[in-house]
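Observations on the model geometry
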Amino acid sequence: MDEELGLNEDDFNIPPVKYEYLDHTADVQLHAWGDTLKEAFEQCGMAMFAYMTEMDYVQIKEVHTIEANADDLMGLLYHFLDELLFLFSVEPFLICKKLVITEFNTQEFRIVCKCFGEEFQIGRHPQGTEVKAITYSAMQIIDVPKDNKYEVFVIIDI
């Protein structure tokens, strides 16, 4: 479909939303879930991007790859979200519409993720709330499935 950008038809299929926002004093808590822990991480990343702008206005025009490493699972979630926030905060100012984790290693605590989206442009993309930082505060990872879903909770500083 878009061979020169490295995109194919399947890259444009957007998974269903599996996240919500929970109230938290002066910040916001992301609650994401999935059929796998990998999907819960992907959904948490998407929750952060959707908090920054309305996803209906974002198109898939380019793909970038990020990597995150840590010493434990919570650190991996933190660094994964921090890498995504960095991708948005510096050139190419990428706002992602879809995230696909291509490597999810919970033994060596490593993630490689393809980020599909486009450059954020004021005027074209409605400005949501700026995310200043990811925090460890009240972070939870439920990696023993409850009701057949894995869950993550992350507070972001806004």
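Residues numbered from 1 in each chain as written. Predicted model: local features only at pLDDT ≥ 70, side-chain atom pairs only at ≥ 80, totals over all residues. Heavy atoms only, no water.

Before going further, it helps to spend a moment on the packing of aromatic side chains. Applying the stated rule across the entire model yields 6 aromatic pairs. Ring geometry for Phe 41 against Phe 80: centres 6.3 Å apart, planes inclined by 35°, an arrangement best described as tilted. Taken together, the residues Phe 41 in helix H1 (residues 37-52) and Phe 80 in helix H2 (residues 73-89) connect sequence positions 39 residues apart. According to the relative accessible area criterion, Phe 41 is buried, its value standing at 0%. Between the aromatic rings of Tyr 78 and Tyr 136, the centroid separation amounts to 4.5 Å while the plane-to-plane angle is 5°, which identifies the pairing as stacked. Highlighted residues: Tyr 78 in helix H2 and Tyr 136 in the loop between strand E6 (133-134) and strand E7 (140-146), separated in sequence by 58 residues. Overall, the relative accessible area of 18% leaves Tyr 78 in the buried class. Residue class for Tyr 136 comes out partly exposed when judged on its relative accessible area of 43%. By the ring-pair criterion, three or more aromatic residues cluster together here, those being Tyr 19, Tyr 21 and Tyr 51. The ring centre of Phe 116 lies 5.7 Å from the NZ or CZ of Lys 98, which sits over that ring. (Phe/Tyr/Trp six-rings, centres within 6.5 Å; stacked < 30°, edge-to-face > 60°. Helix = DSSP H or I, 4+ residues; strand = E, 2+ residues; numbered from the N terminus. Buried < 20%, exposed > 50% of the residue type's maximum accessible area, 1.4 Å probe, protein only. Lys NZ or Arg CZ within 6 Å of the ring centre and 35° of its normal.)

The next subject is the pairing of strand E4 (residues 94-105). On any regular strand, side chains alternate: one points to one face of the sheet, the next to the other face. Pairing of E4 with strand E5 (residues 110-119) involves 10 bridges; the strand directions are antiparallel. Its bridge partner being in E5, Cys 96 is matched across the sheet by Gly 117. Hairpin connection, E4 to E5: the antiparallel pair is bridged by 4 residues, and Phe 109 has positive phi, about 55°. (Pairing = 2+ DSSP bridges.)

Our focus in this paragraph is the side chain of Asp 27. Following the sequence through the fold, Asp 27 ends up in strand E2 (residues 27-34). Buried charge Asp 27 goes without a salt bridge, the closest partner of opposite sign being Lys 132 at 7.3 Å. Side-chain polar atoms of Asp 27 contact the backbone nitrogen of Ile 158, separated by 3.4 Å. Beyond its immediate sequence surroundings of up to four residues, Asp 27 is in contact with Ile 155, Ile 156, Asp 157 and Ile 158. (Lys, Arg positive; Asp, Glu negative; His and termini not counted. Salt bridge = Lys/Arg side-chain N within 4 Å of Asp/Glu carboxyl O. Polar contact = N/O pair within 3.5 Å; in protein donor to acceptor, adjacent residues only side chain to side chain. Contact = heavy atoms within 4.5 Å.)

Okay, the environment of Phe 88 next. Along the chain, the position of Phe 88 falls in helix H2. Setting aside chain neighbours within four positions, we find Phe 88 in contact with Phe 49, Met 52, Phe 93, Leu 94, Ile 95 and Phe 120.

Mapped onto the secondary structure, Asp 72 falls in the loop between strand E3 (62-69) and H2. Considering only alpha carbons, one finds Asp 72 and Gln 107, 35 residues apart in sequence, at a separation of 8.7 Å.

This part is about the layout of surface pockets. For the largest pocket, the calculated volume is near 200 Å³. Along the walls of the largest pocket sit Met 52, Leu 85, Phe 88, Ser 89, Phe 120, Ile 122, Gln 127, Gly 128, Thr 129, Glu 130 and Val 131, which together make up its complete lining. Residues belonging to the lining of the largest pocket are distributed by class as follows: 6 nonpolar, 4 polar and 1 charged. When its volume is computed, the second largest pocket comes out at roughly 160 Å³. (1 Å grid on protein atoms, 1.4 Å probe; cavity = no way out; pocket = protein on both sides within 12 Å on 5 of 7 lines; lining within 4 Å. Points joined across faces, edges and corners; volume = space filled by probe spheres on them. Nonpolar A, V, L, I, M, F, W, Y, C, P; charged D, E, K, R; others polar.)

Interpretation note: all reported values are geometric properties and have no functional meaning in isolation.
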